[in-house]
Amino acid sequence: MSDPAVVTIDPLRPKRLFHLREGNDAGVLDLEALGAEIARRFPAGIRRILFVAVPQIAEEHFVFDAARKRRYPGFPPYGPAVLVAMVEAGGIQADIVDLHLAVLDHARSCEQPEQFSYAVWQGVLAERIAAFRPDVVGLSCMFNMGHGPLKQVASFLGANFPALPVIAGGVHVSLTPTMVLEDIPEISFALLNEGENVLQRFLDVANGRASARELASIAARLPAPDRIVVHGKRDAPTQLVHSPDYKALPIDRYSRVGRIGAYTFLRSDEAVAATVLSRRGCRAQCTFCSVRSVNGEGVRVRDHVAVVDEIEHLKRRYGVSHIMWLDDDLFYDRDDAIALFDEMAARKLGVTWDASNGIIASCLNEPLLDACVRSGCVGFNIGIESGNREILAHMRKPGSVERYLGAAELLARYPGIFTKGFLILGYPTETIAAVQDSVNLSLAMDLDWYPSQILTPMPGTPVHQLMLDQDASSAGPADALGRSTKLGEGRTFSIGATGSIAKRERSEREQARPFSNPFDGPHDRIPAREELEDLWIVVDYRINYQPILSQPDPRKLEKKRLMLAEICDRMTSDNPLGNLFLAICELRLGDLAGARLHVDRAAEHLQASAFWRLRFEVLRIDEVLRDTQRRLSLAA
Ligand code: SF4
């Protein structure tokens, strides 16, 4: 076991990494060296700080057409805006610029790809620095997909503003600090985990108000000898007293240029959405989740009146009519959650909400769901992950098959709430039989949709370590999903199943690689990694599409129709499966014109794709297509 004062948070272990230990001379020495380095970089202290949200999509992955169709996420930078409020309360001037918004905004304003330049953020950043004249720039990077842009922005700053120190924070930086510092020499200090106390301590040391021994959760590059130190000691948990101060950021632009949450299809294109946090942390400790690694143990709850004040402010100032909760455990302290929702209802804000980050199913009861409905809930995601008891136990999931079924029974009485159940495929030791359990549970719960993901372990999570151990003897190349088979050496950037399958489909349009239904073979085997995409397709078909054929409830069919319209119109328009089942929903709901349009599209896209033709044949979806065409010709 490691020293409890030290958290070994980065599994990538560079050659010259020192983890500081309290009471250890070398550690104390390095803490003093850390203080000396802060003093050297900030001889006049820090009076002005500029927070910068970096672009979240790397230039090489940025698709102009996807941005034009608003397919990329566009979240206001909530965390940095809270830090703005906090440092200003302490007398330091702060400002904030969002380069992700700058790129999305520019893409939306261009008619043609030739007019678009990803580098638009450079001018926005240079202008802001010239106007604000900060003493330090704080880069914020939330997702590992943002690593490339983080590096690009830091290099730009190093080349154009070499005297301006750069620090970094955010979830990605917190989970992989040594990788970030090794790869991006322009970043001098990485502030880890919850930003508030850590940044305050850093500013106090830089401004001579505190000793370096008070620093916590910080990593840095130190000279002589050249080394990276990680001080993993956690600071005290932050009490959530500050609401975000977005300065001049146009909060009403975000939902016009990007997506906020998983329920955009339930509101009009003109609706203005934003995000709000009422709780930080999660009571659970699922092995694949980074929430505890970053936020520490337990849950902190904001004063519910302050939370509703924040929503009211968003409504009055920016016209916000929908919020997505950023919470990871929204229903923690159920009585307080009900008080929060009742306060929202009492103020008659006319604001709807969703919990796209997921809720814990075992918290649900009637009084809570009634309060959800009263306060404008339109949908939430439930983290199911698996229908197999052993896998749920391995995952340390706070749920059981019985609780999930009980939650589904309760939710059936609330048809106004769109419910989605998250599933994970490819967990270590998961057999085909265990996946079959997930399919059976999903069908029994009959939620409105099931988004599923192939497990891509995030560095810093227990399952990542488990897979590192399993793969210790393997030195093979990256697998089909871009997951290195030697994970410690791979930089595991998350690739969703849908993204990688769309890529594969494009490469197999002319000639498809062999495909078979994994459920047709023995069920007691663990599928190989290269089988997971095909397994994902079959599971997705069986839990989301096939049940439409026998769904008797028109309200449920209407929900499926809305979801499929979102998939076909905005996400993957050339997908024959989505178009076929959209047509079936429309046919069953009496929209013959819509059904004809989409069945024709399904046939057309199928004709163009050997990848899909093979899957339609093996899964006998081609019979469903022919039957739908026949019914439509009879209805003519
Ligand atoms: S319940 Fe959700 S947020 Fe909480 S640890 Fe598990 S996956 Fe993470």
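What counts as what
- Residues numbered from 1 in each chain as written.
- Predicted model: local features only at pLDDT ≥ 70, side-chain atom pairs only at ≥ 80, totals over all residues.
- Heavy atoms only, no water.
- Near = heavy atom within 4 Å.
- Nonpolar A, V, L, I, M, F, W, Y, C, P; charged D, E, K, R; others polar.
- Helix = DSSP H or I, 4+ residues; strand = E, 2+ residues; numbered from the N terminus.
- Buried < 20%, exposed > 50% of the residue type's maximum accessible area, 1.4 Å probe, protein only.
- Lys, Arg positive; Asp, Glu negative; His and termini not counted.
- Salt bridge = Lys/Arg side-chain N within 4 Å of Asp/Glu carboxyl O.
- Polar contact = N/O pair within 3.5 Å; in protein donor to acceptor, adjacent residues only side chain to side chain.
- Contact = heavy atoms within 4.5 Å.
- Phe/Tyr/Trp six-rings, centres within 6.5 Å; stacked < 30°, edge-to-face > 60°.
- pLDDT = per-residue confidence, 0-100.
- 1 Å grid on protein atoms, 1.4 Å probe; cavity = no way out; pocket = protein on both sides within 12 Å on 5 of 7 lines; lining within 4 Å.
- Points joined across faces, edges and corners; volume = space filled by probe spheres on them.
- Pairing = 2+ DSSP bridges.
- Axes fitted to C-alpha atoms, helices over the stretch in contact; angles between N-to-C directions.
- Parallel < 35°, antiparallel > 145°, perpendicular 65-115°, else oblique.
- Left-handed = near helix turned anticlockwise from the far one by under 90°.
- Patch = residues over 30% accessible without salt bridge, like charges linked within 9 Å, V, L, I, M, F, W, Y side chains within 5 Å.
- Areas by Shrake-Rupley, 256 points an atom, 1.4 Å probe, with all protein chains shown as cover.

1. A closer look at the site of the ligand
So, point 1. Residues in close proximity to the ligand include Cys282, Ala284, Cys286, Phe288, Cys289, Val291, Asp328 and Lys397, which together make up its full environment.
So, point 2. In terms of residue class, the shell around the ligand is built from 6 nonpolar, no polar and 2 charged.

2. Re the side chain of Asp98
So, point 1. Relative to the helices and strands, Asp98 resides in strand E3 (residues 93–98).
So, point 2. Buried and unpaired, Asp98 has Arg253 as its nearest opposite-charge partner, separated by 11 Å.
So, point 3. Among the polar contacts made by the side chain of Asp98, one reaches the main-chain amide nitrogen of His100 at a distance of 3.0 Å.
So, point 4. A distance of 2.6 Å separates the side chain of Asp98 from the side chain of Tyr254, its partner in a polar contact.
So, point 5. Excluding residues that lie within four positions of it along the chain, Asp98 makes contacts with Ala53, Phe75, Pro77, Leu249 and Tyr254.

3. Observations regarding the packing of aromatic side chains
So, point 1. Per the counting criterion, the structure on display carries 21 aromatic pairs.
So, point 2. When the ring of Tyr545 is compared with that of Phe581, the centres are 5.6 Å apart and the planes differ by 75 degrees; the resulting orientation is edge-to-face. With Tyr545 in helix H20 (residues 532–545) and Phe581 in helix H22 (residues 576–588), this pair connects stretches of sequence that are 36 residues apart.
So, point 3. Classification of Phe581 by relative accessible area gives buried; the value is 0%.
So, point 4. In this structure an aromatic cluster arises from ring pairing among Phe62, Phe64, Tyr72, Phe116 and Tyr118.

4. Examining the confidence of the model for the chain
So, point 1. Scored by pLDDT, the chain has a mean of 90; 91% of the residues are at 70 or more.
So, point 2. Low pLDDT, under 50, characterises residues 1–16; the predicted model gives this stretch 41 contacts beyond four residues in sequence or across chains.
So, point 3. Overall, residues 473–496 carries pLDDT values under 50, and its contacts beyond four positions in sequence, including any with other chains, amount to 56 contacts.

5. Observations concerning empty space enclosed by the protein
So, point 1. Counting across every chain of the model gives 3 cavities of 30 Å³ or more.
So, point 2. Within this model, the largest cavity holds a volume of roughly 90 Å³.
So, point 3. Lining of the largest cavity is provided by Arg70, Ser255, Gly258, Arg259, Ile260, Thr264, Arg267, Ser268, Asp269, Ala271 and Arg570.
So, point 4. For the lining of the largest cavity, a count of residues per class yields 2 nonpolar, 4 polar and 5 charged.

6. As for the pattern of salt bridges
So, point 1. Inspection of every chain in the model, using the stated rule, returns 41 salt bridges.
So, point 2. When the shortest N-O distance is used, the salt bridge between Lys151 and Asp183 registers 3.2 Å. Separated by 32 residues along the polypeptide, Lys151 in helix H6 (residues 147–160) and Asp183 in helix H8 (residues 177–183) bring together distant segments of the chain.
So, point 3. Residue classification places Asp183 among the partly exposed positions, given a relative accessible area of 21%.

7. Points about the pairing of strand E8 (residues 227–231)
So, point 1. Summarising burial for E8: 5 of the 5 residues are buried, a large majority.
So, point 2. As consecutive antiparallel partners, strand E7 (residues 218–222) and E8 are separated by 4 residues, and within that stretch Ala224 has a phi angle of approximately 45 degrees, a positive value.

8. Here's the deal with the packing of helix H3 (residues 78–89) against helix H9 (residues 195–206)
So, point 1. It is at 10 Å that the axes of H3 and H9 come closest, and there the two elements cross at 45 degrees. In terms of orientation, H3 lies oblique with respect to H9. Read as a crossing pair, H3 and H9 show a hand that is right-handed. The residues of H9 that touch H3, namely those facing Val82, Leu83, Met86 and Val87, are Gly195, Glu196, Leu199, Gln200 and Leu203.
So, point 2. Here the residues of the contact of H3 with H9 are counted per class, giving 6 nonpolar, 2 polar and 1 charged.

9. Some words on the environment of Gly590
So, point 1. Within the secondary structure, Gly590 is located in the loop between H22 and helix H23 (592–607).
So, point 2. For Gly590, a relative accessible area of 57% puts it in the exposed group.

10. Some thoughts on a nonpolar patch on the surface
So, point 1. Together, Met142, Phe143 and Met145 line one region of the surface with nonpolar side chains, adding up to about 270 Å² of accessible area.
So, point 2. Residue position: Phe143 is located in the loop between strand E4 (136–140) and H6.

11. Remarks on the sheet that holds strand E14 (residues 377–385)
So, point 1. Strand order across the open sheet formed by 6 strands is E9-E12-E13-E14-E15-E16, with parallel pairing between neighbours. Unpaired on one side and paired on the other, strand E9 (272–276) and strand E16 (452–454) mark the two borders of the sheet. Each strand axis lies, on average, 20 degrees off the axis of its neighbour in the sheet, ignoring direction.
So, point 2. Here 4 bridges tie strand E13 (residues 352–359) to E14, and the two strands are oriented parallel to one another. Within E14, the residue paired with Ala355 across the bridge is Phe380.
So, point 3. Along the sheet face, H20 touches strand E15 (418–425) and E16 and points at about 170 degrees away from the line of E16.

12. So, the packing of helix H17 (residues 432–445) against H20
So, point 1. Their axes nearest at 10 Å, the elements H17 and H20 cross at an angle of 25 degrees. Here H20 runs roughly parallel to H17, going by the angle between their axes. Crossing geometry of H17 relative to H20 is assigned as right-handed. Judged by residue contacts, Ile432, Val435, Gln436, Val439, Ser442 and Leu443 of H17 engage Leu535, Val539, Arg542 and Ile543 from H20.
So, point 2. Split by residue class, the contact of H17 with H20 holds 7 nonpolar, 2 polar and 1 charged.

13. Considerations on the environment of Arg334
So, point 1. Take Arg334: it is sitting in helix H13 (residues 334–346).
So, point 2. Ignoring sequence-local partners within four residues, the contact set of Arg334 consists of Ser362, Cys363, Leu364, Asn365 and Leu368.

14. Observations concerning unusual backbone geometry
So, point 1. In this model, Ala224 is joined to Pro225 through a cis peptide bond whose omega is -5 degrees.
So, point 2. Mapped onto the secondary structure, Pro225 falls in the loop between E7 and E8.
So, point 3. Positive phi values are uncommon outside glycine, yet Arg396 reaches one of about 55 degrees.
So, point 4. Locating Arg396 in the fold gives a position in the loop between helix H15 (389–395) and helix H16 (401–411).
So, point 5. Although it is not a glycine, Arg620 adopts a positive phi angle of roughly 60 degrees.
So, point 6. Of note, Arg620 is situated in the loop between helix H24 (610–618) and helix H25 (621–635).
So, point 7. You can call Arg620 exposed: its relative accessible area is 53%.

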